[in-house]
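What follows is each chain in one-letter form.
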Amino acid sequence: MGISAPLLEVCVPSGIFCWRNIQKVENGEKARGTVAFAQGAKIAEAVSKYDGTVGKRTADAINFYNKCAEKSKILDYTGKAVKWATKNVNPLICASSVVKVGLSDDKPNAIVTETGALAGMFAGEGLMKAEMGKLINPENITKVAQKMENTKPLKSVAKYLLKAGNASNASAVIKGIAFVCGSIASYSFGQKLGEKYSEKVTSLFGYKSPKINQKA
């Protein structure tokens, strides 16, 4: 049995986000470790629900863990923490931004910048969740494959996509990658806007950035 589209829809974006957050931890953003952990937990949870050999083994491991948890309060609390983390990735991202602001030498401007970044990310992700499925879906992938069927260089790709289930998997992978790219772009755009207007916003509250003092 091949990997299902629902599993790919979780694992592709979560896997990329997990890898990116691990990189951020390595670059000094220690608070991102909890986000990486949550993304990894989401993958494990999705795999455990997958009806296949890998999913069965993961589910067996989780069942064993649950039995141990019944006899250990520490493991029980840890299990609850993992479950909470899989459902609360965004709050953990917000928490990591709070830590980032706390470590900044220019906290007021850092607040505006981080708020802009998170607002951009959440707005972009919300739009993609609402609209992306209308464009990237198995039906449209199949239509594209049918048009490519008679094009020599793309014939083998078209043949693969037209096999049962492959259009759904391709759609899930493309959506996952597009979602990650859109999320990163939205975060970056929001961050740049925040940086651009942070000094203007903080000046409304009578705050003078160290950067302004240095220029003067």
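Whatever comes next refers back to the structure up there.
Keep in mind the model is a prediction, meaning the values are calculated, not measured.

Digging into the overall build of the protein
Line of reasoning, step 1. A count of helices and strands for the protein gives 10 helices and 0 strands.
Line of reasoning, step 2. Listing every helix and strand of the protein by position from the N terminus yields α-α-α-α-α-α-α-α-α-α.
Line of reasoning, step 3. For the protein, long-range pairs separated by at least 24 residues make up 70% of all intrachain contacts whose partners lie at least 6 apart in sequence.
Line of reasoning, step 4. Here the protein displays about 13700 Å² of accessible surface, and carbon together with sulfur accounts for 63% of that area.

Looking at the environment of Val144
Line of reasoning, step 1. Within the element layout of this structure, Val144 appears in helix H7 (residues 138-148).
Line of reasoning, step 2. A relative accessible area of 46% places Val144 in the partly exposed class.
Line of reasoning, step 3. When the C-alpha positions of Val144 and Ala158 are compared, they lie 8.1 Å apart, and in sequence the two are 14 residues distant.

Digging into the environment of Ala44
Line of reasoning, step 1. Topologically, Ala44 is positioned in helix H2 (residues 32-49).
Line of reasoning, step 2. When its relative accessible area of 35% is taken as the criterion, Ala44 is described as partly exposed.
Line of reasoning, step 3. For Ala44 and Val10, which are 34 residues apart along the polypeptide, the C-alpha to C-alpha distance reads 9.9 Å.

Overview of the layout of surface pockets
Line of reasoning, step 1. Size it by volume and the largest pocket reaches roughly 710 Å³.
Line of reasoning, step 2. Every residue lining the largest pocket is counted, 31 residues in all, and those nearest its centre are Pro13, Phe17, Glu125, Lys129 and Phe179.
Line of reasoning, step 3. For the lining of the largest pocket, the secondary-structure elements that each account for two or more residues are helix H1 (5-26), H2, helix H4 (73-87), helix H5 (89-103), helix H6 (107-135) and helix H9 (166-203).

Overview of the packing of H1 against H9
Line of reasoning, step 1. Where H1 meets H9, the closest approach of the two axes is 8 Å, and the angle between their N-to-C directions is 30°. By the angle class used here, H1 and H9 are roughly parallel. Pair H1 / H9 crosses with right-handed handedness. Residue-level contacts link Ala5, Leu8, Glu9, Val12, Pro13, Ile16, Phe17 and Arg20 of H1 to Ser168, Asn169, Ala172, Val173, Lys175, Gly176, Ile177, Phe179, Val180, Ser183 and Ile184 of H9.
Line of reasoning, step 2. By residue class, the composition of the contact of H1 with H9 is 12 nonpolar, 4 polar and 3 charged.

Looking at the packing of aromatic side chains
Line of reasoning, step 1. One pass over the full model with this rule turns up 1 aromatic pair.
Line of reasoning, step 2. Taken together, a centroid distance of 6.4 Å and an interplanar angle of 85° make the contact between Phe17 and Phe179 edge-to-face. In this pair, Phe17 is assigned in helix H1 and Phe179 in helix H9, connecting sequence segments 162 residues apart.
Line of reasoning, step 3. By relative accessible area, Phe179 is classed as buried at 14%.
Line of reasoning, step 4. The ring of Tyr187 is capped by Lys24, whose NZ or CZ atom sits 5.3 Å from the centre of that ring.

A few points about the environment of Gly190
Line of reasoning, step 1. Along the chain, Gly190 turns up in helix H9.
Line of reasoning, step 2. For Gly190 and Gly116, which are 74 residues apart along the polypeptide, the C-alpha to C-alpha distance reads 4.6 Å.
Line of reasoning, step 3. In contact with Gly190, other than residues within four places in its own chain, are Thr113, Gly116, Ala117 and Gly120.

What to know about the nonpolar core
The nonpolar side chains of a soluble globular protein tend to be buried with one another.
Line of reasoning, step 1. Grouped together as the largest cluster of nonpolar side chains are 10 residues: Val35, Ala38, Ala85, Val89, Leu92, Ile93, Ala117, Leu118, Met121 and Tyr187.
Line of reasoning, step 2. Elements with a minimum of two residues in this core: H2, H5 and H6.
Line of reasoning, step 3. Non-local contacts of Ala38, meaning those with residues more than four positions away in its chain, are made with Ala85, Thr86, Val89 and Leu92.
Line of reasoning, step 4. Within the second largest apolar cluster, 7 residues are counted, among which are Ile141, Ala145, Met148 and Ala158.

Some details on H7
Line of reasoning, step 1. Along H7, the positions that sit buried rather than exposed are Ile141, Ala145 and Met148. Take H7 and look down its axis: the buried residues cluster within an arc of 60°, on one side only. Among the exposed residues of H7, those pointing more than 90 degrees away from its buried face are Glu139, Lys143 and Lys147.
Line of reasoning, step 2. Looking at the packing, one finds that the buried side of H7 touches helix H8 (155-161) and H9.

Parameters at a glance
Residues numbered from 1 in each chain as written. Predicted model: local features only at pLDDT ≥ 70, side-chain atom pairs only at ≥ 80, totals over all residues. Heavy atoms only, no water. Helix = DSSP H or I, 4+ residues; strand = E, 2+ residues; numbered from the N terminus. Contact = heavy atoms within 4.5 Å. Areas by Shrake-Rupley, 256 points an atom, 1.4 Å probe, with all protein chains shown as cover. Buried < 20%, exposed > 50% of the residue type's maximum accessible area, 1.4 Å probe, protein only. 1 Å grid on protein atoms, 1.4 Å probe; cavity = no way out; pocket = protein on both sides within 12 Å on 5 of 7 lines; lining within 4 Å. Points joined across faces, edges and corners; volume = space filled by probe spheres on them. Axes fitted to C-alpha atoms, helices over the stretch in contact; angles between N-to-C directions. Parallel < 35°, antiparallel > 145°, perpendicular 65-115°, else oblique. Left-handed = near helix turned anticlockwise from the far one by under 90°. Nonpolar A, V, L, I, M, F, W, Y, C, P; charged D, E, K, R; others polar. Phe/Tyr/Trp six-rings, centres within 6.5 Å; stacked < 30°, edge-to-face > 60°. Lys NZ or Arg CZ within 6 Å of the ring centre and 35° of its normal. Core = buried A, V, L, I, M, F, W, Y, C linked by side-chain atoms within 4.5 Å. Arc of directions from axis to C-beta.

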